[in-house]
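Structural characterization, general
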Amino acid sequence: MKYTRLTKEQLEELHPEFINFLASQSIDKSEWDSIKNKTPEVAEQEIDVFSDLIWEGVLGNAKYLEHYSKNYIFLFHCTEIHMMTIIIRSLIPEVDLLKKEGLQWLSDNLFTDNVEIQRGQKVFADDRNTEIFNLIQQGAIFTQGELFEQMNGILEQ
């Protein structure tokens with residue numbers, strides 16, 4: 001597998017798509033039931049292939065990600081060839097950006113000496129989708145990019 005297998009819950013959500021995936025391989029319900037019972041390893045392989053197809057589609061459409069930790073917020077904008085980043089860091093160790101109070105503190109202190117903001121950009125060295133998937137594995141989440149664009153606009157002034 002290139003990525004990870006979808007969870008049982010994710011597979012249940014994508015049940016219609018999985019049926020279509022099996023149908024594209026001329027596998028109907030009775031044949032699928034037979035495969036699961038007689039050759040479960042083949043069934044597992046089919047689920048793995050389906051999982052990778054879903055991940056490829058999701059990652060291929062990914063444009064913005066965010067990753068939050070106690071003292072950092074990482075904002076990512078992904079194009080086809082590069083990734084732009086905005087890193088916001090609280091220089092006050094007691095501030096917890098994972099909590100509502102920490103985000104309020106950040107809002108009040110964004111342009112003080114207590115907050116460090118860095119911008120960067122890098123060309124995807126490896127496969128774009130793999131690099132984005134690695135960020136997801138580390139805890140990044142897909143977003144619509146509002147915070148990235150807002151911060152980018154403020155920083156460009």
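The structure reproduced in this document is the subject of the present report. Here the structure is a predicted model, which means the values were calculated and not measured.

Rules of the game
Residues numbered from 1 in each chain as written. Predicted model: local features only at pLDDT ≥ 70, side-chain atom pairs only at ≥ 80, totals over all residues. Heavy atoms only, no water. Helix = DSSP H or I, 4+ residues; strand = E, 2+ residues; numbered from the N terminus. Rg over C-alpha atoms; globule rule 2.2 N^0.38 Å. Buried < 20%, exposed > 50% of the residue type's maximum accessible area, 1.4 Å probe, protein only. Contact = heavy atoms within 4.5 Å. Areas by Shrake-Rupley, 256 points an atom, 1.4 Å probe, with all protein chains shown as cover. Lys, Arg positive; Asp, Glu negative; His and termini not counted. Charge placed at Lys NZ, Arg CZ, Asp CG, Glu CD. Core = buried A, V, L, I, M, F, W, Y, C linked by side-chain atoms within 4.5 Å. Domains from an automatic or database assignment. Axes fitted to C-alpha atoms, helices over the stretch in contact; angles between N-to-C directions. Parallel < 35°, antiparallel > 145°, perpendicular 65-115°, else oblique. Nonpolar A, V, L, I, M, F, W, Y, C, P; charged D, E, K, R; others polar. Phe/Tyr/Trp six-rings, centres within 6.5 Å; stacked < 30°, edge-to-face > 60°. Salt bridge = Lys/Arg side-chain N within 4 Å of Asp/Glu carboxyl O.

What follows concerns the overall build of the protein chain. In terms of regular secondary structure, the protein chain is built from seven helices and five strands. Ordered by position from N to C terminus, the α and β elements of the protein chain give α-α-α-α-β-β-β-α-β-α-β-α. Here the C-alpha atoms of the protein chain give a radius of gyration of 21 Å, more than 25% beyond the 15 Å that 2.2 N^0.38 yields for 157 residues. The principal-axis extent of the C-alpha atoms belonging to the protein chain is close to 65 × 30 × 20 Å. Taking all 157 residues of the protein chain together, 38% fall into the buried category. Intrachain contacts of the protein chain at a sequence separation of at least 6 include 67% that bridge at least 24 residues. Summing over all exposed atoms, the protein chain offers an accessible surface of approximately 9800 Å²; the carbon and sulfur share of this is 53%. Here the protein chain contributes 14 positively and 27 negatively charged side chains, and the mean placements of these two sets differ by 2 Å.

As a further point, take the side chain of H77. For H77, the position within the fold is in strand 2 (residues 72-78). Taking relative accessible area as the criterion, H77 reaches 14% and is therefore assigned buried. Excluding anything up to four places from it in sequence, H77 contacts K63, Y64, H82, M83, M84 and F148.

A few words now on the nonpolar core. With 26 residues, the main nonpolar core has F18, W32, F50, W55, L65 and I132 as its most contacted residues. Among the secondary structure elements, those contributing two or more residues to this core are helix 2 (15-23), helix 3 (29-38), helix 4 (40-60), strand 2 and helix 6 (128-137). For this core, the element with the most residues is helix 4, which contributes five residues. For this core, the two domains that each supply at least three residues are domain 1 (8-61) and domain 2 (64-156). The contacts of W55, once residues within four sequence positions are left out, are Y3, T4, L6, G60, F133 and I136. Grouped together as the second largest cluster of nonpolar side chains are 13 residues, I73, L75, L110 and V115 included.

Think of two packed helices as two axes; the pair is described by the angle between the axes and how far apart they sit. In contact at an axis separation of 9 Å, helix 4 and helix 6 are set at 90° when each is read in the N-to-C sense. Considering the angle they form, helix 4 stands roughly perpendicular to helix 6. Counting all contacts with helix 4, which are made through W55, E56, L59 and G60, the residues of helix 6 involved are R128, N129, I132, F133 and I136. Residue composition of the contact of helix 4 with helix 6, grouped by class: five nonpolar, two polar and two charged.

To continue, consider the packing of aromatic side chains. All chains considered together, the criterion is met by 10 aromatic pairs. A ring pair is formed by F21 and F50, whose centres lie 5.3 Å apart and whose planes are at 50°; its orientation type is tilted. With a gap of 29 residues between them, F21 in helix 2 and F50 in helix 4 connect regions that are remote in the sequence. Overall, F21 belongs to the buried group, its relative accessible area being 11%. Among the residues examined, F50 registers a relative accessible area of 3% and is labelled buried. One aromatic cluster in this structure is built from F18, F21, W32 and F50.

Another aspect to go through is the pattern of salt bridges. Scanning all chains against the criterion turns up nine salt bridges. D33 serves as the salt-bridge partner of K36, at 3.7 Å between the closest nitrogen and oxygen. Of this pair, K36 and D33 both sit in helix 3, three residues apart, which is roughly one turn of the helix. A relative accessible area of 40% means that K36 is categorised as partly exposed. With a shortest N-O distance of 3.6 Å, E116 and R89 are connected by a salt bridge.

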